[in-house]
Every structure is written in C-alpha cells, then in structure tokens.
Amino acid sequence: MSSGESHQEQLSQSDPSPSPNSCSSFELIDMDASSSYEPVSPHWFYCKVLDSKELWIPFNSEDSQQLEDAYGSGKDCNERIVPTDGGRYDVHLGERMRYAVYWDELPSEVRRCTWFYKGDKDNKYVPYSESFSQVLEDTYMLAVTLDEWKKKIESPNREIIVLHNPKLMVHYQPIAGSDEWGSTSTEQGRPRSVKRGVENIPVDIHCGEPLQIDHLVFVVHGIGPACDLRFRSIVQCVNDFRSVSLNLLQTHFKKAQENEQIGRVEFLPVNWHSPLHSTGVDIDLQRITLPSINRLRHFTNDTILDVFFYNSPTYCQTIVDTVASEMNRIYTLFLQRNPDFKGGVSIAGHSLGSLILFDILTNQKNSIGDIDSEKGSLSSAEDRGDASTLEEDLKKLQLSEFVTVFEKEKVDREALALCTDRDLQEMGIPLGPRKKILNHFSARKNSFDPVAYRIEPMVAPGIEFEPMLIPHHKGRKRMHLELREGLTRMSMDLKNNLLGSLRMAWKSFTRGPYPALQASETAEETEAEPESSSEKSNEANTEEPPVEVKEEAPISVGMLNGGQRIDYVLQEKPIESFNEYLFALQSHLCYWESEDTVLLVLKEIYQTQGVFLDQPLQ
C-alpha cells in the first residue's frame, strides 16, 4: 500500500465526521449509496484483428442474449453451437471461438465480458479474461457486502487493479524497478480506468437483424482482392452494403416492417480471386516478374492481370466455374440453414464481376426453375427500372389534374422525362407543377466511373435518351445540382430580358419623327410580331422533332428487363463536380457505402412483392 493511501486512511480514522468537501466524504457517500450488491450483467464480445491490433466488438443484443441463454442452459453448454450475425457466423461455446459459415475467414476469440479497462491509445475499453473478471467480481462483492474498499488485486500478468470505491477503480500496468533488492512491480505509470458492466462503457450495441429473410443476393467482386480504396476484401465491403440496407429498411420501409410484411435482404459475397490465384499462377508470375518497382508490379499481378486472365480461354473457364460453383455451394448451405426460405435470388456484379455474371447467364442452357435470377451490375448500375405509369407518377406528385393535358398532347412517361421547362410551359402547366415534374424526371446525369458503360443504346440504337438518375435516399436532389439548375434558369431569364430590352431601345432610337415614318414603323412592328412568332415557332420546331420521333418510337429495352429501364446513374457529389478525372477511380469504388445504390436495389426487390417506400422519392 502506498504512503498516500495509508495517510488518507489515517485521516479518515482520526476524523470520523469529515467535511463535505473532502475526498473521504465523497467516498463515504458513494459507499452508502452502493451498499447493496447486485450481480453484474454480462455481454458477449468477439475479437477482430485489424493491422495486427486486437479490437473487441460487442455482439448485438439478440445474439448476446442467445449466447447467455446457451451458457446457462446446463453442463452440456460447451458442446453448443450458436448461430450469430444473421446466421453468417457460428459460435462454439466450448472453444469460445467464432467461425464464418459461407466464406473462409480466420476464427476469432469470443468472451463473456463483465469487467473492462481502458486501452492505451484509442481510449477504447478492453475486456478482462473471464477467469480474472470472476476474481474481480468476487472481490467487488465482498467489498460491497463488508463495506471495505481500497482492495488490491494482482492479475496473472502482474497488473494491479485497485478498487477505491464503486465509482473509482483503476488499473496500473506493471513497471519493473531494478535496484539492489531486485525487480519488483510497483503502482507506477498513468492509471487506467476500470469499469464494471457494459452499460458503463461507451460502446454501440445494435438490436439485431430481423429473422425473416425475403430475398438473397449474391455479390461478385471485380479485379483484385481489394474492392475499395481502403483495400478491404469483398467480405468487408458486402458487410457495409448489408449494414446500409438494414438502416434503410428501418427508415424507408418502416410501415412494412411494423406490419411484419418484410424482414430483410441477405447479401452474401462470392469470392473467385483466391481460388484463381491458388492454382499456382502466382508462382509462375513471380518467376517472370522483374525485381524493379516490386510493389507496383505485385499490385499489377494481383489486380490488372485478372482482366487478361479472363481473356485467356484456360483461366476464363476457371473463373466462370469458380463463380458458378461458389454460388451453388453457398445457396445449398443457405437452404440447409434456412429451410423456411421461399424468397427469390438475385445476382449483382461489380466491375469485372458484372461481365462474369453476364457470360454465365447468357450461356445458361437449362431453366433455373423457381429461382428468380436477375443480373445487376453495380458498375453500370444495371437493375430494374420503375414500372409505374405516368398517371401513378403524377398521383405521387399530387398533380393528377394534369393527366388529361398530357393525354391530349400524347405525352407518355418516357416523353415527359424528355420534356424541358419550355415544353411544359407551352402545354399550359403552371410554374409550381413544372418544377415538381422537372425535379422528378429531369436532371443532369454524369457518370465519372471510368469502367461504367451503357446497355440501353445497344438495345435501342435508333433512340437517344439519357440514363435514369438514381434519386437521393433523402428524397431530393443534391443541393449543388438544384443550385446549378437554378443558376442556369436565372442566366437564361437574364439573357432573354437583356435581349428584349436592347431590342426595344434600338426600336425607340431608330424611330423617325415624321408621322408617315411613324405609321410605317407601326406597320413594320405589326409585321415583325408575326415574324417573331414565326421565329418562335421555328425555334420550337427545331426542338420538337426529336421529341416527336421519340413519341413515335417510345423507349423500349425489349425482353432484357421486361421492357423497363436498365441504365441508372448516381448523382454526383459536390466535390466531384470540380474535377472529373480526380475522382474517377473513387467513383468506381463508391457503391459499397452508397445509400442511393442500396435503396435502388431494395426498392426494385420489394416492389415485385407489392411493398413500396413509405414516401415516394422525388
């Protein structure tokens, strides 16, 4: 015991009624308030190693409760296997290990955690081992019951934990002090805070995932083992994609979830890069790779060469067979673990993965049966289009009274998407409804993804139309797009007003003082009015023929997607508008955390089941 602590005990013994401002009075108040002992509530954690650093992550509330129930079920609990994380991982209670089900991953340690101490640098709390946590809990129980504090406990690692009172518990790292008496552990260094119970540490614990699975989506990656700029694997990126979908289901499909109409969509990754590079091709590449710029050449061998592998007849078949066999293996395992699943199955490919899936689907000889396979590409944003009619769209916009106007002009949904503000104005649509319609249908569509290409112009080569703009997940355009469109409209209005003012000033300047000239001038003005009107009609005619052509040949993508739209494009971010080339690579890898992309996938999946968004996106 240190001299400071003994001195403090002497003060407390000599002065039985210390002042309210003293430290000992604070401790006495805390001890009186916490005189009754209550067992600690455990929570289960698993360890994840990132960059050779251990990170302890809590299970969600439902999984932790399942693990605790299995732990307290009896003597045979060590033989129990508890599925967690939506059935994607299994926890072996006896081994205290967590194993991935559908893909290869190193197992992670699992702990039943009750006591925690603050880490070195990241200020995150680390759980003690289960055995030492029990020692701490027993000591804490005795301290509370007997009202005797300042307890010292030494851990197996010679770390010292001091329980001053229920509110103040500290942890000291062992620091060896060499002197003539030998090396001893002392309470030196910066003390770390010790907490009892997960409710006393800052950590986010999610409620859990819905048990009902409505749809299964296989996600196939592109070139290389990394799928984003943080060099994360396909498993980590799909985990983000799944997390975003769970959040969007709670915000955009809240009514359907409350009515128990829907559960969730399961996204499972399909990895073909590791099997390809485990065939011995890496050994051959290493033999022919030059030693200069080693890191760059290694990166090229790991990523860009996958494209050439796919162009090779030998390795192309290996990649295709790997993707097909992996999807069949995962699907069979998924049905074994979810025997009540009756939903559909979709496949989505990113980058080269979309081409692999396209080749698999086009060379499919037998029908897939009850499995609803849909080809989607995150790179080209290929998915189902909006199946709603013009009348339904106007009803969502609360503009049903203008249906007769568009029917009179023979304007369907595709033609309305091509109309400009001037076209709507000539049809007699007021300003407010025009803005709503343009906001819903029209937008500037940019795609900075250097690998993205369109499909619709190949299906309908005689028609020119832009890809569909994916709505923002908050139901509006990005602010900088609205500002740019507003500035464009304002500049056009200023230009027209300026030209009109100059024309009137020129007429007043050139007007003669004589009555005969004034009469001729008025005659010229009356003649100029029909000329200007004819100019307007000519200008309108120059803009109308493309629209008329599109009306005669409406947009149709044939049988590829049921006649619905295929090409979609994300709204550009404000910073991307400054330099397109600077963000080209990032735009190719941004889909994994894009709420707009995930919402498009969820919307297209659930609308086939008759489930729609709580509020229509505009």
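As shown above, the structure is provided for reference.
The structure contained in this document is the topic of the report that follows. Since we're looking at a predicted model, the values are computed, not measured. (Residues numbered from 1 in each chain as written. Predicted model: local features only at pLDDT ≥ 70, side-chain atom pairs only at ≥ 80, totals over all residues. Heavy atoms only, no water.)

### Remarks on the environment of Val238
The residue Val238 is located in helix H5 (residues 234-252) in this model. Residue class for Val238 comes out buried when judged on its relative accessible area of 1%. Separated by 19 residues in sequence, Val238 and Val219 have C-alpha atoms that sit 7.6 Å apart. Look past the residues within four positions of Val238 in its chain and what remains in contact with it is Val219, Phe267, Leu268, Pro269 and Trp592. (Helix = DSSP H or I, 4+ residues; strand = E, 2+ residues; numbered from the N terminus. Buried < 20%, exposed > 50% of the residue type's maximum accessible area, 1.4 Å probe, protein only. Contact = heavy atoms within 4.5 Å.)

### Quick look at the sheet that holds strand E14 (residues 192-196)
Read across the open sheet, the six strands follow the order E8-E7-E14-E11-E10-E9; overall the sheet is antiparallel. For this open sheet the edge positions go to strand E8 (125-127) and strand E9 (151-154), each flanked by a neighbour on one side alone. Between one strand and the next, the sheet's axes are offset by a mean angle of 30°, whatever the strand orientation. Direction of pairing for strand E7 (residues 115-118) relative to E14: antiparallel, over a ladder of three bridges. Residue pairing for E14: Tyr117 is matched across the bridge by Val194. The strands touched by helix H4 (residues 130-146) within the sheet are E7, E9, strand E10 (160-165), strand E11 (168-172) and E14, with E9 carrying the most contacts at an inclination of about 165°. (Pairing = 2+ DSSP bridges. Axes fitted to C-alpha atoms, helices over the stretch in contact; angles between N-to-C directions.)

### What to know about the sheet that holds strand E2 (residues 53-58)
Strand order across the open sheet formed by six strands is E2-E1-E6-E5-E4-E3, with antiparallel pairing between neighbours. Here the strands that pair on one side only, and so sit at the sheet edges, are E2 and strand E3 (81-84). Each adjacent strand pair in this sheet contributes to an overall mean axis angle of 35°, direction not counted. Bridge count for strand E1 (residues 43-50) against E2 is six bridges, and the pairing is antiparallel. Of the residues in E2, the one forming a bridge with Val49 is Glu54.

### Regarding a nonpolar patch on the surface
Among the surface-exposed residues, Phe231, Ile293, Leu296 and Phe299 lie close enough to one another that they form a single nonpolar patch of about 450 Å² accessible area. By the element assignment, Leu296 lies in helix H9 (residues 294-302). (Patch = residues over 30% accessible without salt bridge, like charges linked within 9 Å, V, L, I, M, F, W, Y side chains within 5 Å. Areas by Shrake-Rupley, 256 points an atom, 1.4 Å probe, with all protein chains shown as cover. Salt bridge = Lys/Arg side-chain N within 4 Å of Asp/Glu carboxyl O.)

### Some thoughts on helix H3 (residues 61-71)
Turning to H3, its buried residues are Asp63, Ser64, Leu67, Glu68 and Ala70. Buried positions in H3, seen along its axis, are confined to an arc of 160° and lie on one side of it. Those residues of H3 that are buried are in contact with E1, E3, strand E4 (89-92) and strand E6 (108-113). Backbone nitrogen of Glu62 and a side-chain oxygen of the N-cap are separated by 3.2 Å at the start of H3; the cap is Asn60. (Arc of directions from axis to C-beta. Polar contact = N/O pair within 3.5 Å; in protein donor to acceptor, adjacent residues only side chain to side chain.)

### Focus on the side chain of Arg232
Topologically, Arg232 is positioned in the loop between strand E15 (213-220) and H5. Of note is the side chain of Arg232, whose polar atom sits 2.5 Å from the side chain of Asp240. A polar side-chain atom of Arg232 sits 3.3 Å from a polar atom in the side chain of Glu593. Excluding residues within four positions of it along the chain, Arg232 makes contact with Pro225, Ala226, Cys227, Cys237, Asp240 and Glu593.

### Overview of helix H22 (residues 595-607)
Between the first and last C-alpha of H22 there are 18 Å, a value that for 13 residues agrees with the 18 Å anticipated at 1.5 Å per step. Where burial is concerned, most of H22 is hidden: 12 out of the 13 residues are buried. Listing the buried residues of H22 in full gives Asp596, Thr597, Val598, Leu599, Leu600, Val601, Leu602, Lys603, Glu604, Ile605, Tyr606 and Gln607. In this fold, the buried residues of H22 make contact with E15, H5, strand E16 (264-270) and strand E20 (568-569). (Expected span 1.5 Å × (residues − 1).)

Everything listed here is a matter of coordinates, which is why it stays silent on function.
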